[in-house]
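Spelled out, the chains give:
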Amino acid sequence: MHTPIEDILRRLGGNEAAAQLTGVSPEAVRKWRSAGSIPPRHWPAIMAATGLAWEDFSGTAESGEAPPGATAALVLADGTAFWGRGFGAFTTTAPSELCFSTGMTGYQETLTDPSFAGQIVTFTFPHIGNVGTNKEDMEAPQIFARGLVTKEDFTAPSNYRATNDLGGWLKAMNIPGISGVDTRALTLRIRDLGAPSAVLCHPEDGKFDLKALAKQAADWAGLEGLDLAKEVSCTQAYKWADGVWSWENGFAETNGGKRVVAIDYGAKRNILRSLASAGCQVTVVPATYTAEQILALTPDGVFLSNGPGDPAATATYAVATIQGLMQTGVPIFGICLGHQLLATALGGKTYKMERGHRGANQPVKDLTTGKVEITSQNHGFAVDEKSLPEGVEVTHVSLFDGSNEGIACKAKKVFSVQYHPEASPGPSDSAYLFKRFVELMG
């Protein structure tokens, strides 16, 4: 906002007068002050009362000239523009869902997590890029997030493992970033109003057409109804043998054991490493594999991976496969999208969350033990507990909002969790679930 919010409220006659003028509560005005921004829907009334103009607010589709020093813009579907300094690739993203992640570490793992396909990530932690990038922290062969938003400019890497800085890595991957954004205000906006559609523009010529960018964002239908698993999945089956990484030895060598087929809806590498380290001989197969194709590999167990998009859309082909597997009695373990697909195959339903859970500090209660685990999460859809049929047990619940975090059906030897027990980034409180899967296989 070009004019400080305190000056605007002073012109309006204080918090009470501002609330009365705009038809909101004094608490909402307090949130404006905390966030440093006023929702665009209130700008016309405030301009009429104060004489302020569009350019006195955050950039909008009515004002396309970049402020001095700005080389990139994050444009939301309602026309709001957040200006900043561009880095990484000179490009404009496809319309995407704008979300935020609260993790304090692991920005490289976050950006390469296939579950972030179709999204622009706002990092709430200010120091993004401080340890550079390297090949070992890649959760997939490429970046799947469409862009990133940070508060501070990235600095030169300060870590012996770094092989590139953040900007150079993003440029090589053709992904744009924007720094200098008030990420606190942006996060509060997402928290209070839900995840908007947005476009991130970092043009080489420095020219912006904000009206066109806002229209692109507004015309996008969003993630609901969108199957992205096919886009991020592998195209042919392959073996996986590397175990989890350690400071002393790097990636562990594994000897295999239980034959596990992992269905790749967008699997992170550290999930596959965790399975291998738990004693599994892992074969990864595409998302579209049928039950017959999977059973031909004679698995002792089947794993359903994480992934992006709407689970209801992926379910159109995944549920038949999962149900076919359950009929044979083969043990099944699911994570994230795999959890949602398993719930759907058991007769449940999923729904779109307003803002989702993304970060490495999410508290979850295990209802079977009473213990609380701090977990790593990344999801914008959730399982509707009320839709689950008899015989399906709720095993875990979020202590943030009470949403479902885990289910089990003992009669069918299947279980799943919404969060990421493999972490990367995040705590390892839930790593025991991989051993539980091995034990279920007998």
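Before reading on, note that the structure itself is shown above.
Residues numbered from 1 in each chain as written. Predicted model: local features only at pLDDT ≥ 70, side-chain atom pairs only at ≥ 80, totals over all residues. Heavy atoms only, no water.

Turning next to the side chain of Thr150. Residue placement: Thr150 occurs in the loop between strand E6 (147-149) and helix H6 (166-172). Once residues within four sequence positions are removed from consideration, Thr150 is found in contact with Phe87, Phe123, Ile128, Ile178, Ser179, Gly180, Val181 and Thr183. (Helix = DSSP H or I, 4+ residues; strand = E, 2+ residues; numbered from the N terminus. Contact = heavy atoms within 4.5 Å.)

Another point: the pattern of salt bridges. Evaluated as defined, the whole model comprises 15 salt bridges. With a shortest N-O distance of 3.1 Å, Arg161 and Asp137 are connected by a salt bridge. Pair noted here: Arg161 is in the loop between E6 and H6 and Asp137 is in the loop between strand E5 (119-123) and E6, with a separation of 24 residues, a long-range link. Accessibility assignment for this pair places Arg161 and Asp137 in one class, buried. Arg273 is the partner of Glu139 in a salt bridge, and the nearest nitrogen-oxygen pair spans 3.9 Å. Separated by 134 residues along the polypeptide, Glu139 in the loop between E5 and E6 and Arg273 in helix H10 (residues 269-277) bring together distant segments of the chain. Exposure remark for Glu139: the relative accessible area of 1% places this residue in the buried category. Overall, the relative accessible area of 6% leaves Arg273 in the buried class. Within this structure, Glu97, Lys352 and Arg358 form a network of salt bridges that share partners. (Salt bridge = Lys/Arg side-chain N within 4 Å of Asp/Glu carboxyl O. Buried < 20%, exposed > 50% of the residue type's maximum accessible area, 1.4 Å probe, protein only.)

In this section: the nonpolar core. Ranked by size, the top nonpolar core spans 32 residues in total, and within it Tyr265, Ile322 and Ile332 carry the most contacts. Those elements giving two or more residues to this core turn out to be strand E12 (258-264), helix H11 (291-295), strand E14 (301-304), helix H12 (311-326), helix H13 (337-345) and strand E19 (404-409). Among the elements that make up this core, the one with the highest residue count is H12 (7 residues). Ranked by size, the runner-up nonpolar core spans 25 residues in total, among them Val282, Phe303, Phe415 and Tyr419. (Core = buried A, V, L, I, M, F, W, Y, C linked by side-chain atoms within 4.5 Å.)

Limitation: the analysis is restricted to geometry and does not speak to function.
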